[in-house]
Amino acid sequence: MSRSQPILATALVAASAVVLAGALAAGGAVADDDARAPDAADPEFGARIRPFLDRYCGDCHDDDAPSGGLDLERFASAEQVRAAPSTWQKVVEMLSSAEMPPADEAQPTLPERAAVVAWASRAVEAGRAAAARNPGRVTIRRLNRAEYNHSVHDLLAVSSRPADAFPDDDVGYGFDVIGDVLTVPPVLVERYLEAAERVAAEALPDDRPLEQRIECEDAEREGSGGTQRGFARLNTSGMFRARVEVSVAGEYVFRMRCFGEQAGPEPCRAVFRIGRRNVATVDVPNEANEPKVYEWRGRLEPGTTEIGVGFINDYYRPNDPDPKQRDRNMAFDWMELVGPTTPPPPSRSIRRILIDQPEDDLPETRHAAARAVLRPLAQKAWRRPVTTEELDRLIALTDLAAEQGEGFRGQIRLALTAILCSPHFIYRVEVHPAPTDAGAAHPIGDWQLASRLSYFLWSSLPDDALRKRAARGTLRTDLDAQVARMLDDPKASRLVRHFAGQWLQLRRLPEASPDPARFPDFDDDLRAAMRIESEMLFETIVRENRPITELLDARFTFVNARLADHYGIELEPTGLDGDEERFRRVAVPPERGGILGHASVLTITSDPTRTSPVKRGKWVLEVLLDDSPPPPPPGNDSLSDDPAVRAKTLRKQLEAHRDKPACRSCHARMDPLGFGLERFDPVGARRETDPEGRPIDDSGELPDGSTFAGLAELRDVLLERPRVLARALAKALLIYATGRGPIEADDVALDRIVDQAGPDWRFADLVLAVVRSAPFQMHVGDATRPKPDPVPDPEPEPEPEPKPAPKPEGSAEEKAARAGERAAKAAKAAGARANEKQDEKHPPKQNEDEDDR
């Protein structure tokens, strides 16, 4: 741990000890098992609805392994029904289409069915109207690994990816941005400190020339020898090694002082080594009475570097008549690295950060320059205005660095380290004016809106344009233009990588393991090309603002030579360098077009040795239709082991599996969708027969009676309901954008989002509708937090005793300890300060001026 870490660790650990999790407002309470009394508030429920459920639905949808995960037994009142409108909307749909009860079960009369559908429809509408007043709340959440890397890059123009060393982020609702699951294990606190220090050192490398000398007798030795009059001897060929920290790139001088004990036909020979490479070889003819200095000059890059000097031409002839010709050895005094010989020009990071420099070393001059540098830097990193108190604490750290001999750059580097390991950078906090009132919905502040927007579309902190509008309180009036600008920015490719990669489950490709005996041509190059193809299709829809239905029916795709060969597509050679790796846009036939024909999706939804209609159908249901089936009941998650059943086709095996009542409803929806993709093998190549040589049957019939044969017809069936795809994508975007799971109220918001983005449902229109929605722009308090007890008027305090005269300040260590205590106290007070509403529409003039700068 470096000298800055004890101070910063105290503040970070204290602040991270605050309980960060919160409960989302969700549907109604579960009924008691024996609650069957008629509902006094709605007598029709007890008289008609509950008996209907008991008679026609109770056998499959009770609380004991309910079919499809739907437990209808728990609803004991109309109030509970209204509290779960999304669940009951599915009940209405199933009853209206006569999909339920199943055809082989007792059926209600048409009047009975119509009465229940009418009552449930009214209950759903009432429940949706009540839920619509709740925009939801988002748990305070930390930056995930991708967001951390992008944020430090955009803030400081560094090239490293420090968060790659963090533990993997947990996933909730399909995404790694969910506040409820982004926990902070102790090891991550330590990694934050290490990353902050490493990033600060990269952005502001030490500008003092390196002058490091290592005595060879203290260095790591390779080879036999000893010590003689302060020189380290090598009696055989060997090396002396040491590690040095190079801060900046440039030309360095590498020197060593040595002499040789000569023997044989040639002089002693030494080498300079950098890392694993010998960079220079020199003859060393001088002997012990005349040690000499030898040097090498060359360019070094920043980082920890191993340097070494060594003896490479040992000679030993113990029987030589001349005693002076019997043994050649070498002795080394020291090795040193000095540089860079010419100060390098300021890097992009330095130019971005050090926008002011002090003209002298007077405290008031240093403080003025430090404030000019740190105020905008902290405001960008913390995504909000910086208070005077916070800025004063950062200035105190620059004083501490100055006392330790650091120049201005080193002083700012220590303060930057504190900025990066502060909870204000690591966590995204949205302050609510009434945090314990779950019924009070308020707009989030402009600064919080800017952060939501930037982390949604760029996975990073707001840029200058967003910050200026947040400071002036004009962001909401300029949302349309800002969304269009941000989607047109190169940083929008992060939305493709991080959102599409998770929504389409492309991140599962590295886990795919097709059987190498059956698919010997599958390799990592093909795996990478599969993912790039799907990402490029999605990015085309984003960049060109195409209708999102083209995700299903695009008649073009992107392939390189490797993927084209896999698909059987002939590419004309271009004669350009890198022709084999270059991706090109090509036309594809209807039976291959769209994401369902991509090898990426077909591979991740297959088993290692065979296709899986169940997995493929499940992917279509949960990704494209937002109709995720529940997990299979225990003991029903695999096909029959009966050899007679195993001998049948996969279609026949699944038909036998569907005969189980617990499996019927889900497989009736999944299996036909999956069979529509059977024309493609487990790695997405087209085929005409299965592994046993039988013709492929890729036909299917959905529960609503729709029939199809093959991908082209299946796609047409799906596109008959484009609003379903638009709603599924809108829901995924809303979860990703807000960082929370879905709640009942979102059903109303999603309907409005889809209505506003229609009828073409172009991608930018859908994104803009999400950004305009109440769940994105508003939040409520947390009903699970206890409201504070009333605080009585305080008793009059006695007159304070006179304070003793201040003692003179002591050593730098004592000052560091006091600074650590102040940091810890400040961190403990962070929760209290977080509840103070800041005037984000009209910040102090000085902050706005600094932002405009």
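Residues numbered from 1 in each chain as written. Predicted model: local features only at pLDDT ≥ 70, side-chain atom pairs only at ≥ 80, totals over all residues. Heavy atoms only, no water.

Caption draft 1: Focus on the overall build of the chain. In terms of helices and strands, the chain carries 32 helices and 20 strands. Counting only residues that meet the buried cut, the chain has 50% of its 853 residues in that class. Only carbon and sulfur atoms are counted for the fraction: they give 51% of the accessible area of the chain, which is about 40100 Å². (Helix = DSSP H or I, 4+ residues; strand = E, 2+ residues; numbered from the N terminus. Buried < 20%, exposed > 50% of the residue type's maximum accessible area, 1.4 Å probe, protein only. Areas by Shrake-Rupley, 256 points an atom, 1.4 Å probe, with all protein chains shown as cover.)

Caption draft 2: Broad picture of the nonpolar core. Counting 96 residues, the largest nonpolar core has F456, W503 and F763 as the members making the most contacts within it. By size, the runner-up hydrophobic cluster in this structure holds 48 residues, among which are L354, L414, F425 and L461. (Core = buried A, V, L, I, M, F, W, Y, C linked by side-chain atoms within 4.5 Å.)

Caption draft 3: Structural view of the pattern of salt bridges. Enumeration over the complete set of coordinates arrives at 60 salt bridges. In this structure, R122 engages E44 in a salt bridge whose closest nitrogen and oxygen atoms are separated by 3.4 Å. In this pair, R122 is assigned in helix α5 (residues 110-131) and E44 in helix α2 (residues 43-56), connecting sequence segments 78 residues apart. Notably, a salt bridge pairs E678 with R687, separated by 3.3 Å at the nearest N-O pair. The pair E678 / R687 is uniform in exposure class, with both members buried. Bridged by salt links that share partners, the residues R213, E251, R255, E295, R297 and E336 form one connected network. (Salt bridge = Lys/Arg side-chain N within 4 Å of Asp/Glu carboxyl O.)

Caption draft 4: View of the packing of aromatic side chains. Summed over the entire model, instances satisfying the criterion amount to 20 aromatic pairs. Their ring planes at 55° and their centres at 6.0 Å tell us that F456 and F776 sit as a pair that is tilted. Of the two residues, F456 is situated in helix α13 (residues 446-457) and F776 in helix α29 (residues 774-777); the sequence distance between them amounts to 320 residues. Assigned by exposure class, F456 and F776 land together as buried. Plain terms: the ring middles of F499 and F538 are 6.2 Å apart, the flat faces sit at 50° to each other, and that makes the pair tilted. (Phe/Tyr/Trp six-rings, centres within 6.5 Å; stacked < 30°, edge-to-face > 60°.)

Caption draft 5: Region of interest: the pairing of strand β6 (residues 238-246). Buried residues dominate β6, accounting for 7 of its 9 residues. Looking at chain direction, strand β3 (residues 220-222) and β6 are connected through 3 bridges and run antiparallel. Note that in β6 the partner of E220 across the bridge is R241. Here β6 pairs with strand β11 (residues 303-311) via 9 bridges, running antiparallel. Looking at the pairing, R241 lines up with G308 of β11. (Pairing = 2+ DSSP bridges.)

Caption draft 6: Region of the structure containing the pairing of β11. Bridge analysis of strand β8 (residues 268-274) against β11 gives 5 bridges, and the strand direction is antiparallel. Residue pairing in the sheet places V271 in a bridge with G310 of β11.

Read these as spatial facts, not as claims about activity.
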